[in-house]
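# Fold and geometry: a report
Chain residues, written in single-letter form:
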Amino acid sequence: MHVGLIGGIGPAATDYYYRALIAEAAKGGFKLELTMAHADTTTLLKNQSENNVEAQVEIFSRLAARLKAAGAEMVVVTAIAGHFCIEELKQVSPLPVVNIIEEVSHAIAGLGYKKAGILGTRVAMESRFYGGIETADVIPPSGDELSAVHDIYIAMAGAGI
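It is worth spelling out the overall build of the chain at this point. Secondary structure assignment for the chain yields seven helices and six strands. From first element to last, N terminus to C terminus, the chain shows the α and β order β-α-β-α-α-β-α-β-α-β-α-β-α. Viewed in the frame of its principal axes, the chain has a C-alpha envelope of about 45 × 35 × 30 Å. Nonlocal contacts in the chain, meaning residues at least 24 apart in sequence, comprise 63% of its contacts between residues at least 6 apart.

Here's what the structure looks like:
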């Protein structure tokens, strides 16, 4: 399977997925085929904070088309922030789209957890992973801590660490 990653929207997240895919390929004994397309962190965060689904889907769809042209057979948006429009992207993407939030929900259920903490952007935290975790109670920071986590998370994402 040739995987297409839409990354750069949290370079550290892109790096995490890239390394995990390499490790899985080595463990599973298969050749990894991977192509990455770069999306802009600042644009994504602006679109997320404004709930500008249409603009972000257009960007992701264009990048998915580029990945398809490069031979990718599926696409993964590497930032949870980008999942604010994942269902809309799935409707127009030229490639099947992996929904990371669904995968996290399955992992939480598989581990038997009933509660899960969340750190990330304000929107992702306040929406409790966009309401996508049905297997556990998602608990974001509260009050001033939520704002502090958001600010630190944005600084890390922008710096690529």
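Strand order in the open sheet formed by four strands is S2-S1-S3-S4, and the pairing between neighbours is parallel. Each of the sheet's edge strands pairs with one partner strand only, and the pair in question is strand S2 (33–38) and strand S4 (97–98). Of the pairings in the sheet, the one linking strand S1 (residues 2–7) to S2 comprises six bridges and is parallel in character. Across the sheet, Leu5 pairs through a bridge with Met36, a residue of S2. Packing against the sheet, helix H1 (residues 11–28) makes contact with S1 and S2, and its axis sits at approximately 165 degrees to S1.

What counts and how
Residues numbered from 1 in each chain as written. Predicted model: local features only at pLDDT ≥ 70, side-chain atom pairs only at ≥ 80, totals over all residues. Heavy atoms only, no water. Helix = DSSP H or I, 4+ residues; strand = E, 2+ residues; numbered from the N terminus. Contact = heavy atoms within 4.5 Å. Pairing = 2+ DSSP bridges. Axes fitted to C-alpha atoms, helices over the stretch in contact; angles between N-to-C directions.

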